[in-house]
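What follows is the residue order along each chain.
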Amino acid sequence: MPLSATPAGGSVLRMDIRPSPSRAIARHLRGALYICRGAWSHAAKLALDIALPTLCVACREPVDGEGVCAKCWAKLAFIAPPFCPRLGIPFVYDPGPDMLSMEAISDPPAYARARAAVRYDDVAKTLVHALKYQDRTDLAPAMGRWMARAGRELLDEADMLVPVPLHWRRGWSRRYNQSGALARVIERQSGVKLQSEALRRVRPTQQQIGLNRLQRASNVQGAFKVAADRQSLIQGRRVVLVDDVLTSGATVDACARALLRAKAAQVDVLVFARVVDTNKAPI
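The rules behind each value
Residues numbered from 1 in each chain as written. Predicted model: local features only at pLDDT ≥ 70, side-chain atom pairs only at ≥ 80, totals over all residues. Heavy atoms only, no water. Phe/Tyr/Trp six-rings, centres within 6.5 Å; stacked < 30°, edge-to-face > 60°. Buried < 20%, exposed > 50% of the residue type's maximum accessible area, 1.4 Å probe, protein only. Helix = DSSP H or I, 4+ residues; strand = E, 2+ residues; numbered from the N terminus. Pairing = 2+ DSSP bridges. Axes fitted to C-alpha atoms, helices over the stretch in contact; angles between N-to-C directions. Contact = heavy atoms within 4.5 Å. Right-handed = clockwise from strand over helix to strand, strands pointing away. Core = buried A, V, L, I, M, F, W, Y, C linked by side-chain atoms within 4.5 Å.

Engineer: Residue-level account of the packing of aromatic side chains, with values.
Structural biologist: Scanning the model with the defined rule gives four aromatic pairs in all. Between Trp73 and Phe78 the ring centres are 5.2 Å apart and the planes differ by 50 degrees, which places this aromatic pair in the tilted class. Look at Trp73 and you get partly exposed, because its relative accessible area is 41%. Summarising the aromatic geometry, the rings of Trp73 and Trp146 are spaced 5.3 Å apart at their centres and angled 65 degrees between planes, so their arrangement reads as edge-to-face. Here the residue Trp73 occupies a position in helix H2 (residues 70-75), and Trp146 occupies one in helix H5 (residues 140-150), the gap between them amounting to 73 residues. We classify Trp146 as buried; its relative accessible area is 7%. Through a chain of ring-to-ring contacts, three or more aromatic side chains come together here, namely Trp73, Phe78, Trp146 and Phe272.

Listed below in structure tokens is the structure:
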């Protein structure tokens, strides 16, 4: 083995620093194992997709993508201008700038503006029910992206997102809040901070399904509150309230009133779908 001179004039053995053959072989084996694992994972996923293909949530036909086939996608009625600048209700014709709907004039809500991605029709209803009751949280990313696009005007001015909360008992049984799942997607899309604990449902309410407008309003009256230790978070802020469906507007109106009592500067509403009465025209 060759010698190497030291600064002190002595000599030391110069060791070969190349890795031993056994270490090199081990490194190559580890690399081959990682490749095999990746190939196996891909093959397993492919086999699962073939054996259990993703089905359209609306018509149950096989689909590759976000849970809605092309046929059902075409049936989704996305809401676009012209619409009521206050409630976001689509107009059948353009009545001119700043024209309000009859609902906005006759019964103005506590919140400033509402926007929805789609009309609440058969396909939208199926999507909402799948997310809400069937653990189809895989639908939230697509639904949330559509909401972020529909509510861009609101989000550009917002300080925070607040989902409509569930009572803790219902949250325990469902295991997740569908409004919170949508709000998290909107947060990633818009950059607006999510404050999921800012608003609380302080008493349980019955399901709104089957109730008329007056019963819905009575059902949620006093059901929401901003906790005392959260009021400083809300005060002076512009809030976008997030929910899945807007029907009569009783729930989001009750939430908006609670936020406004906590001194929010403004409350807007962003939902995935809203019920539209096509028999009513703008004034």
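Engineer: So, the sheet that holds strand E4 (residues 160-163): which residues are in play, and what are the values?
Structural biologist: Judged by pairing direction, the sheet is parallel, and its four strands sit side by side in the order E3-E8-E7-E4 without closing on themselves. In the strand order of this sheet, the two ends are held by strand E3 (114-119) and E4, each with one partner. Within this sheet the neighbouring strands show an average axis-to-axis angle of 20 degrees, counted without direction. As judged from the four bridges shared by E4 and strand E7 (residues 238-246), these two strands associate in the parallel manner. The residue of E7 that forms the bridge with Val162 is Leu241. Against the sheet, helix H4 (residues 122-133) contacts E3, E7 and strand E8 (266-274), and its axis sits at roughly 105 degrees relative to E8.

Engineer: So what's going on with the pairing of E8? Residues and values would help.
Structural biologist: With respect to burial, E8 is a largely interior element, eight of its nine residues being buried. With five bridges joining them, E3 and E8 adopt parallel strand pairing. Its bridge partner lying in E8, Ala114 is registered against Val269. Handedness of the crossover joining E7 and E8 through helix H11 (residues 250-261): right-handed.

Engineer: Provide a residue-level description of the nonpolar core, including the pertinent values.
Structural biologist: The biggest cluster of nonpolar side chains holds 39 residues, and the ones touching the most others in it are Leu127 and Phe272. Residue assignment for this core shows that the elements contributing at least two residues are E3, H4, H5, helix H6 (152-155), helix H8 (178-190), E7 and E8. Beyond its immediate sequence surroundings of up to four residues, Leu127 is in contact with Val57, Val68, Leu76, Leu139, Met143, Trp146 and Phe272. Counting residues in hydrophobic clusters, the runner-up holds 35 residues, among them Ile79, Ile89, Met160 and Phe224.

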